[in-house]
Amino acid sequence: MVMKEELNILIQAQYPLIYLVTPEEERAEAAIAKIAQMKTKHRRVFVWTVTHGIVEYGQPRHITQHNTVSPEAAIQWVVQHREPGIFIFKDLHPFIDSPATTRWLRDAIASFKDTEKAIILMSPFQQVPIELEKDVIVIDYPLPNMAELNQVLSRQLDQIKSRRMTTESREKLLKAALGLTKDEAEKVYRKAQVKAGRLTEEEVEIVLSEKQQLIRRNGILEYIEEDETINSIGGLEELKKWLKQRSNAFTERAREYGLPQPKGMLILGVPGCGKSLIAKTTARLWGLPLLRLDMGRVYDGSMVGRSEANLRNALKTAESISPVILFIDELDKAFAGGTGSADSDGGTSSRIFGSFLTWMQEKTSPVFVMATANRIERLPGEFLRKGRFDEIFFVDLPTTEERQDIYRIHLSKRRTDITRFDLVQLAKMSEGFSGAEIEQAIIAAMYEAFAQEREFTQLDIIAALKATLPLSRTMTEQVTALRDWARQRARPAASSVAEYLQLES
Ligand SMILES: Nc1ncnc2c1ncn2[C@@H]1O[C@H](COP(=O)(O)OP(=O)(O)OP(=O)(O)O)[C@@H](O)[C@H]1O
Ligand SMILES: [Mg+2]
């Protein structure tokens with residue numbers, strides 16, 4: 001495993017201070033213990049916790065070194081320890097900001113030269129005080145891969161003495177657990193087994209729904225299931241064509257053909273014109289899971305470094321579930337100000353923005369980023385540079401024809417026979433309306449008629465349209481500015497550029 005190798009190299013190379021970010025202590029500890037034994041020269045491993053102080057790895061917890069519960073005393077003990085060793089500090093992060101702890105750590109690593117001693121800080125969050133930034137090397141412990149999950153599954157199957165399973169069924173159960181830690185996977189398999197009384201391919205659904213709950217619990221990523229298909233979106237033909245063309249972009253066949261994996265797309269546009277909807281329906285079109293990254297929740301002011309850790313964890317989870325679509329709605333709100341902002345939040349947003357960009361640039365796993373935005377002036381320019389996203393689309397107010405399409409879709413959703421509506425007239429009468437506003441007009445018309453205990457008609461819709469002042473008129477300036485900007489830089493999502501330009505007149 002790559003991770004173990006990296007850790008091994010760092011330890012061999014006598015790095016004095018390593019920060020291991022992982023929620024899976026046991027797995028990481030076992031890996032470190034193995035490394036400590038692998039060398040010809042055996043090193044002892046000690047583990048510190050705030051509850052027990054320092055205990056040698058593998059020893060019962062009560063055999064603890066005296067007076068090592070306080071972080072400072074523990075570090076002092078490590079400094080005074082004469083022999084080579086690896087000293088794991090579990091969850092030191094709540095104490096690490098104390099000036100004494102930081103100072104002790106710095107003194108400790110300075111004293112480690114040529115001693116074959118190393119401190120490994122292990123915690124689910126990364127939190128490094130500025131004073132230590134230069135001395136510490138941070139590594140993320142990745143989530144288990146299929147092979148590692150296979151060990152977990154095999155153990156579970158052995159326990160229940162399950163009959164042999166085909167490779168395909170096994171693979172499905174493993175795939176369903178990707179993105180979980182080993183502990184979580186074990187729990188999920190066990191729960192599926194308890195619920196269904198067995199563990200076969202048919203329990204994949206249970207595993208998946210358990211995983212969804214676990215992922216939701218971390219609060220930053222959310223599984224989204226969308227019932228609508230791409231056909232329930234009116235217009236936007238270019239955009240739809242682009243997406244349909246890439247339906248099989250993440251298959252083995254596409255790789256063999258020599259195609260690169262799509263990286264992501266940015267959909268800019270006027271509010272209420274179907275940006276979020278199209279992003280959500282793409283998952284169905286491509287047959288991939290859809291994860292929404294809630295940028296608002298990434299920000300956590302409670303602790304320095306927590307926001308970055310949040311982002312990194314979320315991206316790590318997304319990667320481990322890949323191929324997947326990562327949906328970031330309203331990117332402009334998340335990164336408002338991004339670089340060069342007045343640093344009102346101590347630079348957190350620009351740091352987050354930086355890590356996100358780096359991740360986008362360097363990611364090799366098939367995570368397709370689908371972002372939407374409507375205030376481009378608030379979006380840092382770096383996002384728009386060529387090469388970040390495969391394509392930037394601009395979703396404008398619907399054209400007359402697109403509006404007909406939208407009426408057809410929304411009326412068909414509610415009534416089986418829609419021939420009694422004159423879609424051409426309705427489309428003409430709703431110049432400047434967004435898809436969302438058209439939908440609202442239909443609903444308003446229905447309420448009106450329902451209150452009068454009759455079926456709604458063309459006239460009810462027209463009345464509702466007349467009573468509505470569309471956003472494009474109340475916010476003319478913003479909408480015009482957005483259009484002017486997008487005309488030069490983004491690809492129109494509607495059917496043709498000519499039609500799009502006509503709209504301007
Ligand atoms: N082109 C369209 N075809 C069909 N329905 C549409 C279309 N555009 C918008 N709608 C309807 O309006 C609703 C809201 O659209 P959506 O949330 O996708 O807009 P948005 O562009 O993301 O807006 P915002 O910028 O405010 O987030 C959709 O769920 C859909 O019912
Ligand atoms: Mg939206």
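See above for the structure.
Scope of this entry: the structure provided in the associated data block. Keep in mind the model is a prediction, meaning the values are calculated, not measured.

1. Structural notes on the sheet that holds strand S8 (residues 264–269)
Two pairing modes exist for strands in a sheet, parallel and antiparallel, and in both the strands are linked by backbone hydrogen bonds.
Consideration 1: As summarised here, the arrangement of the seven strands in space is S7-S9-S10-S11-S8-S12-S13, forming an open sheet in which the pairing is mixed. Only two strands of the sheet have a single neighbouring strand rather than two, namely strand S7 (221–223) and strand S13 (491–492).
Consideration 2: Examined bridge by bridge, strand S12 (residues 391–395) and S13 share two bridges and lie parallel to one another. Bridging from a neighbouring strand, Phe-394 pairs with Pro-492 of S13.
Consideration 3: Here helix H9 (residues 237–245) sits on the sheet in contact with S8, strand S11 (367–373), S12 and S13, set at roughly 145° to S12.

2. Re the pattern of salt bridges
Consideration 1: A full pass over the atoms with the stated rule returns 32 salt bridges.
Consideration 2: Here Lys-90 makes a salt bridge to Glu-29, at a shortest N to O gap of 3.1 Å. Remark: Glu-29 occurs in helix H2 (residues 25–38) and Lys-90 occurs in strand S4 (residues 85–90); sequence separation between them is 61 residues. Across this residue pair, the class does not change: Lys-90 and Glu-29 are buried.
Consideration 3: Here Arg-292 ties to Glu-222 by a salt bridge, and the two come within 3.0 Å at their closest N and O atoms. In this pair, Arg-292 is assigned in strand S9 (residues 290–293) and Glu-222 in strand S7, connecting sequence segments 70 residues apart.
Consideration 4: Within the structure, one salt-bridge network assembled from shared partners comprises Glu-238, Lys-241, Glu-391 and Arg-491.

3. Some remarks on the pairing of strand S1 (residues 17–21)
Consideration 1: By the criterion of burial, S1 is predominantly enclosed, with five of the five residues buried.
Consideration 2: A two-sided burial pattern is seen for S1, the buried positions comprising Leu-17, Tyr-19 and Val-21 on one face and Ile-18 and Leu-20 on the other.
Consideration 3: Both S1 and strand S5 (residues 117–123) contribute to a ladder of five bridges, which runs parallel. Bridge pairing in S5 places Tyr-19 opposite Leu-121.
Consideration 4: Note that S1 and strand S6 (residues 137–140) share four bridges and pair parallel. The partner of Leu-20 across the bridge, within S6, is Ile-139.

4. Points about the sheet that holds strand S2 (residues 44–49)
Consideration 1: Reading across the sheet, the six strands line up as S3-S2-S4-S5-S1-S6 and stay open at both edges, with mixed pairing between neighbours. Every other strand in the sheet has two partners, leaving strand S3 (53–56) and S6 as the edge strands with one partner each. Across the sheet, the mean angle from the axis of one strand to that of its neighbour is 25°, orientation sign disregarded.
Consideration 2: Here S2 pairs with S4 via five bridges, running parallel. Its bridge partner lying in S4, Val-45 is registered against Ile-86.
Consideration 3: Running at roughly 170° to S4, helix H3 (residues 71–80) makes contact with S2, S3, S4 and S5 of the sheet.

Rules behind the numbers
In every chain, residue numbers begin from 1 and rise along the written sequence. Chain letters start at A and ligand numbers start at 1, both assigned in the order the entries are written. This being a predicted model, a pLDDT of at least 70 is required before a residue's local features are given, and a value of 80 or more before pairs of side-chain atoms are given or counted; all residues contribute to the totals for chains, interfaces and linings. Heavy atoms throughout the structure, all of them, feed into the side-chain values; hydrogens and water do not. Paired strands, as defined in this entry, are two strands with at least two bridges between them according to DSSP. Helical segments are the DSSP runs of H or I of at least four residues, strand segments are the runs of E of at least two, and each set is numbered from the N terminus. It only takes one pair of heavy atoms within 4.5 Å for two residues to be counted as in contact. Working convention: axes come from line fits to C-alpha atoms, limited for helices to the stretch in contact. Angles between N-to-C directions cover 0 to 180 degrees. Put simply, a salt bridge is a Lys or Arg side-chain nitrogen that is within 4 Å of an Asp or Glu carboxyl oxygen. A simple rule labels every residue: compare its accessible area, found with a 1.4 Å probe on the protein chains alone, to the largest value its type can have, and call it buried under 20%, exposed over 50%, or partly exposed in between.

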